[in-house]
Amino acid sequence: MQFDDKDISRLLAAVKFASEKHKFQKRKDKQGSPYINHPIKVAELIWNKGEVRDIDVIIAALLHDTVEDTDTSIEEIKKLFGDKVALYVSEVTDDKKLQKEERKKLQIKHSPNISHGAKQVKFGDKISNISDIAESPPCNWDFDRRRQYLEWSNNVVKGLRGSNDKLEAIFDDCLTKSEIFLDNEYKNTK
Ligand code: ZN
């Protein structure tokens, strides 16, 4: 697929927008990595490994946590990046007014019903998060919490299966590796 000047402009505008919105945020890992590393990783992963060639989906991947985790509104996304991007971002945004457990349950319930574009973003997000859980976990998470997180991610991904074979294979591989990694780490503490 060919991309034109306008597509590249929108893509770069999304990188800039997301980096500004997330500029004071850090990941929960020990090193406190810059938050923006995560959406960039998701966009790069679904483009390079998932072979997603829809520019609106790639832009949505860059913006996917701005509404949930910053002061960004869906209207703002719609105005700047268009209806499709706004739809994908809204479909992967949790309602922060709900309790955490409820939000987690809803992700499992909703994942089979979101659009094909949003499924690609969610796949990339879950792959990025489960690989982090093993290799650079949030510093206050114990083994059980990390194991439960892997299990929950797998349940959300059940609803995404069939939407991208390549991302599916990467997720499964990553999940197995993360489980082995956690088991080994657990054994080493015994
Ligand atoms: Zn994310």
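Higher on the page you've got the structure.
Residue positions within a chain follow its written sequence, with the count starting from 1. For a predicted model such as this one, the threshold for reporting local features is a pLDDT of at least 70, and the threshold for listing and counting side-chain atom pairs is 80 or more; totals across whole chains, interfaces and linings nevertheless cover every residue. Hydrogens and water are ignored here; the side-chain numbers use all heavy atoms of the structure.

**Student:** Mind showing me how you'd approach the side chain of K122 here?
**Tutor:** Structurally, K122 can be placed in helix α8 (residues 116-135). Exposed residues in this analysis have more than 50% of their type's maximum accessible area, buried residues have under 20%, and partly exposed residues fall in between, with area computed by a 1.4 Å probe over protein chains only. We treat Lys and Arg as the positive residues and Asp and Glu as the negative residues; His and chain ends play no part in the count. Salt bridge, as used here, is a side-chain nitrogen of Lys or Arg placed within 4 Å of a carboxyl oxygen of Asp or Glu. Buried and unpaired, K122 has no salt bridge, with D94 as the nearest side chain of opposite charge at 5.2 Å. We call two residues in contact whenever any of their non-hydrogen atoms come within 4.5 Å of each other. What K122 contacts, discounting residues up to four positions off in sequence, is V92, Q107, S111, I114, V156 and L160. Counting from the N terminus, the helices are DSSP H or I runs at least four residues long and the strands are E runs at least two residues long.

**Student:** Which parts of the structure should I look at to understand helix α2 (residues 37-48)?
**Tutor:** Three- or four-residue spacings in an α-helix give side chains the same orientation, since the helix completes a turn every 3.6 residues. With twelve residues, α2 extends 16 Å between its outermost C-alpha atoms, agreeing within 8% with the 16 Å of an ideal straight helix rising 1.5 Å per residue. Residues H38, P39, V42, A43, L45 and I46 constitute the buried set of α2. Take α2 and look down its axis: the buried residues cluster within an arc of 165 degrees, on one side only. Of the surrounding secondary structure, the elements contacted by the buried residues of α2 are α3 (55-63), α8 and α10 (165-189). Residue count minus one, scaled by 1.5 Å, sets the expected span of a helix. As used here, the arc belongs to the directions running from the helix axis to the C-beta atoms.

**Student:** Could you clarify how one ought to interpret the environment of R103 in this entry?
**Tutor:** Following the sequence through the fold, R103 ends up in helix α7 (residues 100-110). Between the C-alpha atoms of R103 and E135, which are 32 residues apart in sequence, the distance is 25 Å. In this structure R103 touches D94, D95, K96 and L98, once residues within four positions along its chain are discounted.

**Student:** Please explain the packing of aromatic side chains as it appears in this structure.
**Tutor:** Two aromatic rings, taken as a pair, are described by how far apart their centres are and by the angle between their planes. Whether two aromatic rings pair depends on their centres lying within 6.5 Å, for rings of Phe, Tyr and Trp, where Trp uses its six-membered ring; planes under 30 degrees apart make the pair stacked, over 60 edge-to-face, and the rest tilted. Evaluated as defined, the whole model comprises five aromatic pairs. Seen in terms of ring centroids, F143 and Y186 are 5.2 Å apart; in terms of plane orientation they differ by 80 degrees. Their pairing is edge-to-face. Here Y186 lies in helix α10 and F143 lies in helix α9 (residues 143-158), a separation of 43 residues in the sequence. Since its relative accessible area comes to 16%, F143 is described here as buried. Charges are assigned to positions over rings by a cutoff of 6 Å between ring centre and Lys NZ or Arg CZ, combined with an angular limit of 35 degrees from the ring normal. One residue, R53, lies across the ring of W47, its end atom 3.7 Å from the ring centre. The ring of W152 has K104 sitting right over it, with the charged end atom 4.4 Å from the ring centre.

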